[in-house]
Amino acid sequence: MSVKTYAVQGMTCGHCVSSVKEEVGEIPGVTGVEVDLDSGRLDVSGDVADDAVRKAVEEAGYTLV
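Residues numbered from 1 in each chain as written. Predicted model: local features only at pLDDT ≥ 70, side-chain atom pairs only at ≥ 80, totals over all residues. Heavy atoms only, no water.

Colleague: Whenever I open this one, the overall build of the protein confuses me. Can you help?
Modeller: Helix and strand counts for the protein stand at two helices and four strands. Listing each helix as α and each strand as β along the protein from the N terminus yields β-α-β-β-α-β. Taken over the C-alpha trace, the protein has a radius of gyration of 10 Å; the compact-globule value for 65 residues is 11 Å, and the two agree within 12%. In terms of overall dimensions, the protein has a C-alpha envelope of 30 × 20 × 20 Å along the principal axes. Buried positions account for 38% of the 65 residues belonging to the protein. Taking the contacts inside the protein whose residues are at least 6 apart along the sequence as the reference set, 58% of them involve residues at least 24 apart. Total accessible area computed for the protein in this model is approximately 3,800 Å², and 45% of it derives from carbon and sulfur atoms. If the 5 positive side-chain charges of the protein are averaged to one point and the 12 negative ones to another, these points end up 4 Å apart. (Helix = DSSP H or I, 4+ residues; strand = E, 2+ residues; numbered from the N terminus. Rg over C-alpha atoms; globule rule 2.2 N^0.38 Å. Buried < 20%, exposed > 50% of the residue type's maximum accessible area, 1.4 Å probe, protein only. Contact = heavy atoms within 4.5 Å. Areas by Shrake-Rupley, 256 points an atom, 1.4 Å probe, with all protein chains shown as cover. Lys, Arg positive; Asp, Glu negative; His and termini not counted. Charge placed at Lys NZ, Arg CZ, Asp CG, Glu CD.)

Colleague: Please explain the sheet that holds strand β2 (residues 30–36) as it appears in this structure.
Modeller: One key point about sheets: their strands pair by backbone hydrogen bonds, in either a parallel or an antiparallel sense. Read across the open sheet, the four strands follow the order β2-β3-β1-β4; overall the sheet is antiparallel. Two strands lie at the open edges of the sheet, namely β2 and β4 (63–64), each paired on one side alone. By the bridge criterion, six bridges tie β2 to strand β3 (residues 41–46) in an arrangement that is antiparallel. Bridge pairing in β3 places D36 opposite R41. Strand contacts of helix α1 (residues 14–25): β2 and β3, with the helix running at about 165° to β2, the strand carrying the most contacts. (Pairing = 2+ DSSP bridges. Axes fitted to C-alpha atoms, helices over the stretch in contact; angles between N-to-C directions.)

Colleague: Help me understand the pattern of salt bridges in this model?
Modeller: Pairs may arise between side chains of opposite charge once their charged atoms sit close together. Evaluation of the coordinates by the stated rule reveals two salt bridges. Between K4 and D50 there is a salt bridge; the shortest N-O distance is 3.3 Å. Of this pair, K4 sits in strand β1 (residues 2–9) while D50 sits in helix α2 (residues 50–59), and the two are 46 residues apart along the sequence. Its relative accessible area of 29% is what places K4 among the partly exposed residues. (Salt bridge = Lys/Arg side-chain N within 4 Å of Asp/Glu carboxyl O.)

In structure tokens form, the structure reads like this:
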């Protein structure tokens, strides 16, 4: 299992964080998701492709940078 760190642009509130956590958490192979609103940091634990994370973040309405 690995942990990958990403930067998410566009989050402004707790609801934004919840949306990103929910979408990314539904990706097969993800075992954990942590999101920091202030820094825009997204930590994803598990065996998952970067493209899948990008798609989930975009589905939540935000941009992976």
